[in-house]
Amino acid sequence: MSDRAREAHVDDIVADLHRVLLVSSRRLRSRAASEEVSVAQFSVLACLHREGEATPGRVADFERVSPPVMTRIIARLEEAGWVARRPHPSDRRQVLLALTEEGATIVEEGRRARSAWLRERVDGLDDAQLGQLETAARMLRDVLLDAPREGARE
């Protein structure tokens, strides 16, 4: 394969991979959302579930939203009883956010719903397809998650 043909081939793969990752990510996220909790709210709850206590600024940075947007999301989560805030122990200007038991339940139920949706799609595969999917998942992890990042944010 010539250099030009290889470059065009790689461009096609990148474009297809981008589309597949974007659409599948949206579909997975939507499985965790419900009439009770939006995708953005679920994402904040999941962040707190994973990280434990965090300041609103840290969560806003992680979610890549502005502080005013995060303030609105947190207010709704507090109002629903899914997040609680307490004073920061070493910085009186700050507060710490944490999931309540009900908030943790929302996250766990959302994760189960996403896993069930994904499992439905994988269950129909034969052994050879499962092996290919396992190889693809390993390769995606190596290329996208485990590779050193230069100046990129997750």
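Parameters and conventions
Residues numbered from 1 in each chain as written. Predicted model: local features only at pLDDT ≥ 70, side-chain atom pairs only at ≥ 80, totals over all residues. Heavy atoms only, no water. Patch = residues over 30% accessible without salt bridge, like charges linked within 9 Å, V, L, I, M, F, W, Y side chains within 5 Å. Areas by Shrake-Rupley, 256 points an atom, 1.4 Å probe, with all protein chains shown as cover. Salt bridge = Lys/Arg side-chain N within 4 Å of Asp/Glu carboxyl O. Helix = DSSP H or I, 4+ residues; strand = E, 2+ residues; numbered from the N terminus. Buried < 20%, exposed > 50% of the residue type's maximum accessible area, 1.4 Å probe, protein only. Core = buried A, V, L, I, M, F, W, Y, C linked by side-chain atoms within 4.5 Å. Contact = heavy atoms within 4.5 Å. UniProt positions renumbered as here; feature names shortened; annotations may be inferred. Arc of directions from axis to C-beta. Lys, Arg positive; Asp, Glu negative; His and termini not counted. Charge placed at Lys NZ, Arg CZ, Asp CG, Glu CD.

A cluster of nonpolar side chains, Leu17, Leu21, Met139, Leu140, Val143, Leu144 and Leu145, forms an exposed patch at the surface whose accessible area comes to about 600 Å². Looking at the nonpolar patch, the elements that each hand over two or more residues are helix 1 (3-32) and helix 6 (127-145). Counting through the fold element by element, Leu144 comes out in helix 6.

This structure, assessed with the given rule, holds 8 salt bridges. For Arg19, the salt bridge identified is with Asp16, shortest N-O distance 3.3 Å. Residue Arg19 and its partner Asp16 are located together in helix 1, separated by 3 residues, close to a single helical turn. The exposure class of Arg19 is partly exposed, given its relative accessible area of 47%. With relative accessibility at 41%, the residue Asp16 sits in the partly exposed group.

The next subject is the environment of Ser30. Summarising the element assignment, Ser30 is placed in helix 1. Distance from Ser30 to Ala113, taken between C-alpha atoms, is 9.7 Å for residues 83 residues apart in sequence.

Within soluble globular proteins, side chains that are nonpolar generally end up buried alongside one another. Counting residues in hydrophobic clusters, the biggest one holds 20 residues, and the most contacted among them are Phe42, Val44, Leu45, Leu48, Val59 and Leu77. Those elements giving two or more residues to this core turn out to be helix 2 (39-51), helix 3 (56-63), helix 4 (67-80) and helix 5 (101-123). Ranked by residue count, the leading element in this core is helix 2, at 6 residues. Residues contacting Val44, with those up to four places away along its chain left out, are Val59, Glu63, Met70, Ile73 and Leu77.

Glancing now at the environment of Val95. Inspection of the secondary structure puts Val95 in strand 2 (residues 95-99). Separated by 41 residues in sequence, Val95 and Ala54 place their C-alpha atoms 8.2 Å apart. Apart from residues lying up to four places away in sequence, Val95 is in contact with Ala54, Thr55, Pro56, Arg85, Arg86, Pro87 and His88.

Right, let's talk about the UniProt feature "domain: HTH marR-type" (unreviewed entry) in the protein chain for a bit. Sequence positions flagged by UniProt for "domain: HTH marR-type" (unreviewed entry) are, in local numbering, residues 10-145. Taken end to end, residues 10-145 is 74% helix and 7% strand, and its two terminal C-alpha atoms sit 19 Å from one another.

Along helix 3, the residues that are buried comprise Val59, Ala60 and Glu63. On an axial view of helix 3, the arc spanned by its buried residues comes to 100 degrees, and they lie on one face. On its buried face, helix 3 is in contact with helix 2 and helix 4. Phi turns positive one or two residues past the end of helix 3, at Arg64, with a value near 60 degrees.

Right, let's get into unusual backbone geometry. When glycine is set aside, most residues are seen to have a negative phi, and most peptide bonds are trans. The phi dihedral of Arg64 falls on the positive side, at around 60 degrees, and the residue is not glycine. With respect to the helices, strands and loops of the structure, Arg64 is situated in the loop between helix 3 and helix 4.

A word on a negative patch on the surface. Taken together, the side chains of Glu35, Glu36, Glu102, Glu108 and Glu109 make up a negatively charged region of the molecular surface. Its location among the elements puts Glu36 in the loop between helix 1 and helix 2. With a relative accessible area of 54%, Glu36 lands in the exposed category.

Attention shifts here to the side chain of Gln41. Inspection of the secondary structure puts Gln41 in helix 2. Not counting residues up to four positions away in its chain, the partners in contact with Gln41 are Glu36, Ile73, Arg76 and Leu77.

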